[in-house]
Number of protein chains: 2
Amino acid sequence: MTVLNSVHHINFIVADLDVAVQAYQSKLGLGSFEYEELPDRGVSTARILIGGVWIILVSPRSKDSLAARYLEAHGEGFFLMSFGVDNLQQAMAELARRGALPKDRTARPGILDWQVADLETEQSLGVRFHLTQAD
Amino acid sequence: MTVLNSVHHINFIVADLDVAVQAYQSKLGLGSFEYEELPDRGVSTARILIGGVWIILVSPRSKDSLAARYLEAHGEGFFLMSFGVDNLQQAMAELARRGALPKDRTARPGILDWQVADLETEQSLGVRFHLTQAD
């Protein structure tokens, strides 16, 4: 049985956060976004909850950030999908056993006091996946 | 107010459906996938529901399919995200008014008797979005 309970959030990389929020609101009729800086990751974020799933726009603030390198290489678009888990440490141990992340990978803080962990599934699944424990 | 009620499904393009399902099960501990052909789109699909959101792996059957062209250009990975709507015709009209799809765009059948409509947001938002009315 999987430890992955939900699709918790989806991150899209954008070049300019204000321009992107305006475009999402204009084209899709979405409401207000909430903004939060994540200085440790060198990014600014804007999020909106749609039917229980967070859509998060992520814009690089630092040229050294992973987000900046991704934007440079791929342009705007899908960055990662995060699964919701009840117990992040337990989920990380289970997925490390499956080879989806290194055993010594540590959790890190996300926005909204989420605890998150990056998987290493780009090579094996073609997609950057991620885990989030929200409370 | 937006007509987009939920994140209904996320499609990932894969080269080989059986290899991909096996990899998702092995790396993420996911359970059984359900398979369905979608001949009109030239693809085979395998889906699993995670916390109310369908994760759908899509593999091209036909070299002429959009999926095949996407795989050729981008490799495996994120293809589109579909928003759930209550009333597809109403949602299409509203989003056409916003310039997210042409006014003459028609709905088409998806898997599981879903009715779906493709938006044209790749240029404006950097992401292929889609609408689904599930019942």
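Just above, that's the structure.
Rules of the game
Residues numbered from 1 in each chain as written. Chains lettered and ligands numbered in written order. Predicted model: local features only at pLDDT ≥ 70, side-chain atom pairs only at ≥ 80, totals over all residues. Heavy atoms only, no water. Contact = heavy atoms within 4.5 Å. Buried area = accessible area lost by both parts, 1.4 Å probe. Salt bridge = Lys/Arg side-chain N within 4 Å of Asp/Glu carboxyl O. Polar contact = N/O pair within 3.5 Å; in protein donor to acceptor, adjacent residues only side chain to side chain. Helix = DSSP H or I, 4+ residues; strand = E, 2+ residues; numbered from the N terminus. Nonpolar A, V, L, I, M, F, W, Y, C, P; charged D, E, K, R; others polar. Least-squares fit on C-alpha atoms with pLDDT ≥ 70 in both. Buried < 20%, exposed > 50% of the residue type's maximum accessible area, 1.4 Å probe, protein only. Pairing = 2+ DSSP bridges. Phe/Tyr/Trp six-rings, centres within 6.5 Å; stacked < 30°, edge-to-face > 60°. Lys NZ or Arg CZ within 6 Å of the ring centre and 35° of its normal. Axes fitted to C-alpha atoms, helices over the stretch in contact; angles between N-to-C directions.

Examining the interface of chain A and chain B
Contacts between the two partners involve 36 residues from chain A and, on the opposite side, 36 residues from chain B. The junction of chain A with chain B conceals about 3000 Å² of combined surface from both sides, 70% of it contributed by carbon and sulfur atoms. Considering only the surface of chain A that becomes buried against chain B, Lys27(A), Leu28(A) and Leu125(A) emerge as the three largest contributors, covering 23% of it. At the surface where chain A touches chain B, the tally comes to zero salt bridges. Our enumeration of links across chain A and chain B arrives at twelve residue pairs in polar contact (both at pLDDT 80 or more). With six residues, helix α1 (residues 17-28) of chain A is the largest single contributor of residues to the side of chain A that touches chain B. Split into classes, the residues belonging to the side of chain A that touches chain B amount to 21 nonpolar, twelve polar and three charged.

Structural notes on the relation of the copies chain A and chain B
With an RMSD of 0.0 Å, chain A superimposes on chain B once it is rotated by 180° and translated 0.0 Å along the axis. What we have between these two chains is a two-fold relation. In terms of C-alpha distance to the rotation axis, chain A has Phe78(A) as its closest residue, with the C-alpha 3.4 Å off the axis. Comparing contact sets, 100% of the residues at the interface of chain A also lie at the interface in chain B, consistent with an isologous, same-surface contact.

Points about the pattern of salt bridges
Counting across every chain of the model gives 16 salt bridges over all chains. The salt bridge partner of Glu37(B) is Arg61(B), with a shortest N-O separation of 3.2 Å. Linking Glu37(B) in strand β2 (residues 34-38) with Arg61(B) in the loop between β4 (53-60) and α2 (66-74), this pair joins segments that are 24 residues apart in sequence. Here Glu37(B) falls in the partly exposed class, since its relative accessible area comes to 43%. One salt-bridge network, in which partners are shared between bridges, spans Glu34(A), Glu36(A) and Arg47(A).

Observations regarding the pairing of strand β5 (residues 77-84) of chain A
Residues and elements named next belong to chain A. Of all eight residues making up β5, eight are buried, and the element is well covered by its neighbours. Here β5 runs beside strand β8 (residues 129-133); their pairing, made up of four bridges, is parallel. Within the sheet, the bridge partner assigned to glycine 84 lies in β8 and is threonine 132.

Section: the sheet that holds β8(A)
All names here are of chain A. On the basis of which strands lie adjacent, the open sheet formed by eight strands has the order β2-β3-β4-β1-β5-β8-β7-β6 and mixed pairing. At either margin of the open sheet sits one strand with a lone partner, and together these are β2 (34-38) and β6 (108-109). Of the strand pairs in this sheet, strand β7 (residues 115-118) and β8 are connected by four bridges, and their pairing is antiparallel. Paired with alanine 117 across the two strands is leucine 131, which belongs to β8.

Describing the environment of Leu80(A)
Residue and element names in this part refer to chain A. Relative to the elements of secondary structure, leucine 80 occurs in strand β5. Along the primary structure leucine 80 and phenylalanine 12 are separated by 68 residues, whereas in three dimensions their C-alpha atoms are 7.2 Å apart. Here leucine 80 is in contact with His9, Ile10, Asn11, Arg128 and His130, once residues within four sequence places are set aside.

A closer look at the pairing of β2(A)
Residues and elements named next belong to chain A. As paired elements, β2 and strand β3 (residues 43-50) share five bridges and run antiparallel to each other. Within β3, the residue paired with glutamate 34 across the bridge is arginine 47. Between β2 and β3, which pair antiparallel and follow one another directly, the connecting turn spans four residues, one of which, glycine 42, has a positive phi of 70°.

Digging into the packing of aromatic side chains
Counted under the stated rule, the structure contains 15 aromatic pairs over all chains. On the numbers, 6.1 Å between centres and 55° between planes, the contact of Trp54(A) with Trp114(A) is tilted. Highlighted residues: Trp54(A) in strand β4 (residues 53-60) and Trp114(A) in the loop between β6 and β7, separated in sequence by 60 residues. Given the relative accessible area of 15%, Trp54(A) is considered buried. The class of Trp114(A) is buried, set by a relative accessible area of 5%. An aromatic cluster of three or more residues is present, and its members are Phe12(A), Tyr24(A), Phe78(A), Phe83(A), Phe129(A), Phe12(B), Tyr24(B), Phe78(B), Phe83(B) and Phe129(B). Residue placement shows Arg47(A) over the ring face of Trp54(A); its charged tip is 5.5 Å from the ring centre.

What to know about the sheet that holds β2(B)
All names here are of chain B. Spatial strand order, β2-β3-β4-β1-β5-β8-β7-β6: eight strands in an open sheet with mixed pairing. Edge positions in the sheet fall to β2 and β6 (108-109), since each of these pairs with one other strand and no more. As paired strands, strand β3 (residues 43-50) and β4 are joined by eight bridges and run antiparallel to one another. Within the sheet, the bridge partner assigned to isoleucine 48 lies in β4 and is isoleucine 55. With respect to the sheet, helix α1 (residues 17-28) is in contact with β1 (6-13), β2, β3 and β4, its orientation differing from that of β4 by roughly 145°.

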